[in-house]
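# A closer look at the structure
One letter stands for each residue in the lines below.
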Amino acid sequence: MLISGLQKLTLLDYPGHVACTVFTGGCNFRCPFCHNASLVLPEQLAQDTDEQQVLSFLEKRVGVLDGVAVTGGEPLLHKDIGSFLSRVKALGYKIKLDTNGSFPQLLSELVSSGLVDRVAMDIKNAPALYPQTVGLESLDMEAVERSKNFLLEGRVDYEFRTTVVKGLHTAESLAEAARWISGAKEYYLQQYKDSGNVLDKDGLSAFSDEQMHALAQGLREWVPSVQVRGV
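Residues numbered from 1 in each chain as written. Predicted model: local features only at pLDDT ≥ 70, side-chain atom pairs only at ≥ 80, totals over all residues. Heavy atoms only, no water.

## Some words on the side chain of Ser102
Take Ser102: it is sitting in the loop between strand 4 (94-99) and helix 3 (104-112). A polar contact is formed between the side chain of Ser102 and the side chain of Asn28, at a distance of 3.0 Å. A distance of 2.6 Å separates a polar atom in the side chain of Ser102 from a polar atom in the side chain of Asn100. (Helix = DSSP H or I, 4+ residues; strand = E, 2+ residues; numbered from the N terminus. Polar contact = N/O pair within 3.5 Å; in protein donor to acceptor, adjacent residues only side chain to side chain.)

## Comments concerning the nonpolar core
With 68 residues, the main nonpolar core has Ile81, Leu85, Leu110, Ile123, Phe160, Tyr187 and Leu189 as its most contacted residues. Not counting the four nearest positions on each side in its chain, Leu189 is found in contact with Thr162, Val164, Met212, Leu215, Ala216, Leu219, Val226, Gln227, Val228 and Arg229. (Core = buried A, V, L, I, M, F, W, Y, C linked by side-chain atoms within 4.5 Å. Buried < 20%, exposed > 50% of the residue type's maximum accessible area, 1.4 Å probe, protein only. Contact = heavy atoms within 4.5 Å.)

## Remarks on the packing of aromatic side chains
Per the counting criterion, the structure on display carries two aromatic pairs. When the ring centre of Tyr158 is taken as reference, the NZ or CZ atom of Lys185 above it lies at 5.5 Å. The residue whose ring lies beneath Arg229 is Tyr188, and the NZ or CZ to ring-centre distance is 3.6 Å. (Phe/Tyr/Trp six-rings, centres within 6.5 Å; stacked < 30°, edge-to-face > 60°. Lys NZ or Arg CZ within 6 Å of the ring centre and 35° of its normal.)

## Digging into the pairing of strand 2 (residues 19-24)
Here strand 2 lies mainly inside the structure; six of its six residues are buried. Residues of strand 2 alternate between two faces, with Ala19, Thr21 and Phe23 on one and Cys20, Val22 and Thr24 on the opposite face, all of them buried. For strand 1 (residues 3-10) and strand 2, the ladder comprises five bridges, and the chain directions are antiparallel. Paired with Ile3 across the two strands is Thr24, which belongs to strand 2. For strand 2 and strand 3 (residues 67-71), the ladder comprises five bridges, and the chain directions are parallel. Directly across from Thr21, in strand 3, lies its bridge partner Ala69. As a crossover connection, the stretch from strand 2 through helix 1 (residues 51-60) into strand 3 is right-handed. (Pairing = 2+ DSSP bridges. Right-handed = clockwise from strand over helix to strand, strands pointing away.)

## Here we look at the environment of Ala143
Examined against the element boundaries, Ala143 turns out to sit in helix 5 (residues 142-152). Residues Ala143 and Ile95, 48 residues apart in the sequence, show an inter-C-alpha distance of 23 Å. In this structure Ala143 touches Gly101, Ser102 and Pro104, once residues within four positions along its chain are discounted.

## Quick word on the pattern of salt bridges
Under the definition given, this model contains 14 salt bridges. Notably, a salt bridge pairs Lys185 with Asp157, separated by 2.9 Å at the nearest N-O pair. Of this pair, Lys185 sits in the loop between helix 6 (171-180) and strand 7 (187-191) while Asp157 sits in strand 6 (residues 157-164), placing them 28 residues apart in sequence. On the basis of relative accessibility, which here comes to 36%, the residue Lys185 falls in the partly exposed class. (Salt bridge = Lys/Arg side-chain N within 4 Å of Asp/Glu carboxyl O.)

## Notes on the layout of surface pockets
Computed from the structure, the largest pocket encloses a volume of approximately 1,100 Å³. His35, Asp98, Arg161, Thr163 and Gln190 are the residues nearest the centre of the largest pocket, which is lined by 39 residues in total. Among the secondary structure elements, those contributing two or more residues to the lining of the largest pocket are strand 1, strand 2, strand 4, strand 6 and strand 7. Counting residues per element, the lining of the largest pocket draws most heavily on strand 6, at four residues. A class-by-class count of the residues in the lining of the largest pocket yields 12 nonpolar, 16 polar and 11 charged. (1 Å grid on protein atoms, 1.4 Å probe; cavity = no way out; pocket = protein on both sides within 12 Å on 5 of 7 lines; lining within 4 Å. Points joined across faces, edges and corners; volume = space filled by probe spheres on them. Nonpolar A, V, L, I, M, F, W, Y, C, P; charged D, E, K, R; others polar.)

What follows is the structure, given as structure tokens:
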């Protein structure tokens, strides 16, 4: 598994837990607003550390950290991720996994094996607008649909989240996305930020704090728990 970064302490990436964040390299999407271009573009991918180094770090932090957030890129691109998560679990850590939802079978297997305690799945936009939102000419939505439905079954703690970007999202498209995940336990609208390493920021900008809260209010008909992050 390609590990392209390790943040040794986070109070944000795994809600309610003192955690570290493991960044995997590689992604099958090309979302223009992605703030981790170096974890997506093949020519920029690099191995920052390896599994054994991360596990050695975690062994030393037992009792200090209680969770590990695994993000990317897209972690489920790595078919050997299960063996890594098993070793993390053996140390007693809770695991949160971030995913774009395009690998439902592996997601289901990891959850069923007890290797994941919480899943954060990106809801990129209204289903009809997914291809342009994820930077692809076309996209088979069946896999994303399966992942979304799997999480809605409630077999694992989860959240849905959308990074909201002017130029890609509207109140109407977000309403369609909310209808698509109607009944979700947790849904977060995240304010777009220019990290300085955005994949393709041309024509993109952030909604204001006031606009973000107004957008969230408009979605609570379908997802009463919708909240705003990053404002």
